[in-house]
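Remarks on the overall topology
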Amino acid sequence: MKTSDPFKALTLAVAPDDNALLIGGDVWPQAVDRRNPKLAAWPDAARRYRTVAVRLPKAKDEMQMALHAAASVLSPDGALYLFGGNDEGIGSAAKPLYGLFADVETAAIKHHARVYRASRLKPDVAVRGAVTDWRRSFAFECGGETFAHVTYPGVFAKERLDAGTALLLAHLPALSGRVLDFGAGSGPIAQVIRARQPDAEIVMADIDAIALTAAAENVPGARTVQVRGIADLEGETFDAIVSNPPVHTGVAQDFTMLRDLVDARRTMLRRGGQMVLVVQSKVPLQDIAADARKVVSEDGYAVWTLA
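Everything numeric here is computed off the predicted structure, so don't read it as measured data.

Re the pattern of salt bridges
Enumeration according to the criterion identifies 15 salt bridges in this entry. The salt bridge partner of D208 is R34, with a shortest N-O separation of 2.8 Å. With D208 in the loop between β10 (201-206) and α5 (209-218) and R34 in the loop between β2 (30-32) and β3 (49-55), this pair connects stretches of sequence that are 174 residues apart. Like R34, D208 is buried. Because the salt bridges share partners, they merge into one network encompassing R34, R35, E62 and D208.

Here it is in C-alpha cells:
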C-alpha cells in the first residue's frame, strides 16, 4: 500500500517484524511496534499525522488499544487504514472503526487481504491515547498470599494467571541472588520471587514492551529488558533462570526459543545455579535436554529443573 502525497505517514506495526510501511517518494514513516526492540512501543503524543496505518493485531482488546493509539495522533483531516489477511479475521474487523469514525469504507481487497479506510473521528468519542488509559488489574493467589497484578491488552493470559505459570509458582523452589525471568510477560513469576526473597536481583526479559510496562509496576525496582531472544542477554550470568517460554509461532509449534534457552544455561547459569521451566506436558523437553528433571506434571503442564 503506497501513497505519493507529500505528507508524513505513521505506521503502527503491531505484529512482530511486520513493518507494512506507507512510503511514497521521499516520505519516510515513523514505525511503532510494541514487539520490536528497535522501534518505539507507542506513538509520540506530541505529533500528528494525516495517514496512520494499523496492522491487524491478533487479539480484539489489543486491536482496540492500537486503534485508539492511532486515532490519538491522527490529524482532523487524516485517514486511518486498518489492514490484514482474511485468515487473520480482517473481514469482521471493521466494527471497532464504526465506533470511532464517522466514515468507514473498504479501500482495497486483494491477495486474500483487505484494507479499511476510516476518517472523521466522531466528536463524542473519548480517545484513550495513553498507555496508562488501558491499565487493568486482577488478583491471584499463591502460597496463601494474594497478589494484586497489573496488566494491559495484548499481554499473555490477559486478566488471569495462566495454568502453566500457576503450576510453576506452586512448585517454585527457593531462589536467591541474581534471577532472570525470561519471557516474563507482566511479571507474575518475578512478583512472587520478590515477595519471597526481597533481596534477590531480578531481571525480567520479554519481547513485548507493553508487557514490560506492566512488569515494572508489578515488581518495582527490578530491571526490565526488551529482547527478541535469550541471545540478546549474551554475556550476562544468573544464579537462577525461570521461564514459561513460548513454544509456538502463531498456531504452529516452534521449539526454537526453548532450545536456545536450554542451551544458554551452559554459559549463563553461575556455578550451582538452576533453571526452572514450565511447558505443556506434550513438549518433549528431555529430547531437547536429556538431563532435565521433571518436578511435577498436572493439568496438561509440566515443571522441569535443569542445572
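Regarding the confidence of the model for the chain
Close reading of the predicted structure is inappropriate where its pLDDT is low. The predicted model of the chain averages 90 in pLDDT, with 90% of residues at 70 or higher. Per-residue pLDDT stays below 50 along residues 1-28; that stretch engages in 80 contacts with residues further than four places along the chain or on separate chains.

Quick notes on the pairing of strand β6 (residues 113-121)
Pairing between strand β4 (residues 74-85) and β6: 7 bridges, direction antiparallel. Considered in β6, the bridge of L80 is made with A118. In this structure, strand β5 (residues 101-110) lies alongside β6, joined through 8 bridges in antiparallel fashion. Bridge pairing links E105 to R117 in β6.

Let's talk about the pairing of strand β7 (residues 136-142)
Both β7 and strand β8 (residues 145-151) contribute to a ladder of 7 bridges, which runs antiparallel. Within β8, the residue paired with R136 across the bridge is T151. Between β7 and β8, which pair antiparallel and follow one another directly, the connecting turn spans 2 residues, one of which, G143, has a positive phi of 60°.

Notes on the sheet that holds strand β17 (residues 301-306)
Strand order in the open sheet made by the 7 strands is β11-β10-β9-β12-β15-β17-β16, with mixed pairing throughout. Single-partner strands in this sheet number two, and they are β11 (223-226) and β16 (293-298). Within the sheet, the average angular offset between the axes of one strand and its neighbour, ignoring direction, is 15°. Where β10 meets β11, 4 bridges bridge the pair, whose relative direction is parallel.

Let's talk about the environment of R114
The topology assignment puts R114 in strand β6. The exposure class of R114 is partly exposed, given its relative accessible area of 21%. Linking R114 and N86, residues 28 residues apart in sequence, is a C-alpha distance of 7.0 Å. Ignoring anything within four residues of it in the chain, the contact list for R114 reads L82, F83, G84, N86, I90, G91, T106, A108 and I109.

Re the side chain of T165
Here T165 is to be found in helix α3 (residues 163-170). Among the polar contacts listed, one links the side chain of T165 to the side chain of N244, at a separation of 3.0 Å. Setting aside chain neighbours within four positions, we find T165 in contact with P188, I189, N244 and V278.

Comments concerning helix α1 (residues 60-72)
Compared with an ideal rise of 1.5 Å per residue, which puts 13 residues at 18 Å, α1 spans 18 Å between its outermost C-alpha atoms and is within 8% of the ideal. For α1, the tally of buried residues reaches 11 of 13 residues, placing the bulk of the element in the interior.

Thoughts on unusual backbone geometry
Its identity as a non-glycine residue notwithstanding, H112 has a phi of 60°, on the positive side. On the secondary structure map, H112 appears in the loop between β5 and β6. Given the relative accessible area of 68%, H112 is considered exposed. Backbone geometry places K158, a non-glycine residue, at a positive phi of 55°. Structurally, K158 can be placed in the loop between β8 and α3. Its relative accessible area of 45% is what places K158 among the partly exposed residues.

Criteria and thresholds
- Residues numbered from 1 in each chain as written.
- Predicted model: local features only at pLDDT ≥ 70, side-chain atom pairs only at ≥ 80, totals over all residues.
- Heavy atoms only, no water.
- Salt bridge = Lys/Arg side-chain N within 4 Å of Asp/Glu carboxyl O.
- Helix = DSSP H or I, 4+ residues; strand = E, 2+ residues; numbered from the N terminus.
- Buried < 20%, exposed > 50% of the residue type's maximum accessible area, 1.4 Å probe, protein only.
- pLDDT = per-residue confidence, 0-100.
- Contact = heavy atoms within 4.5 Å.
- Pairing = 2+ DSSP bridges.
- Axes fitted to C-alpha atoms, helices over the stretch in contact; angles between N-to-C directions.
- Polar contact = N/O pair within 3.5 Å; in protein donor to acceptor, adjacent residues only side chain to side chain.
- Expected span 1.5 Å × (residues − 1).

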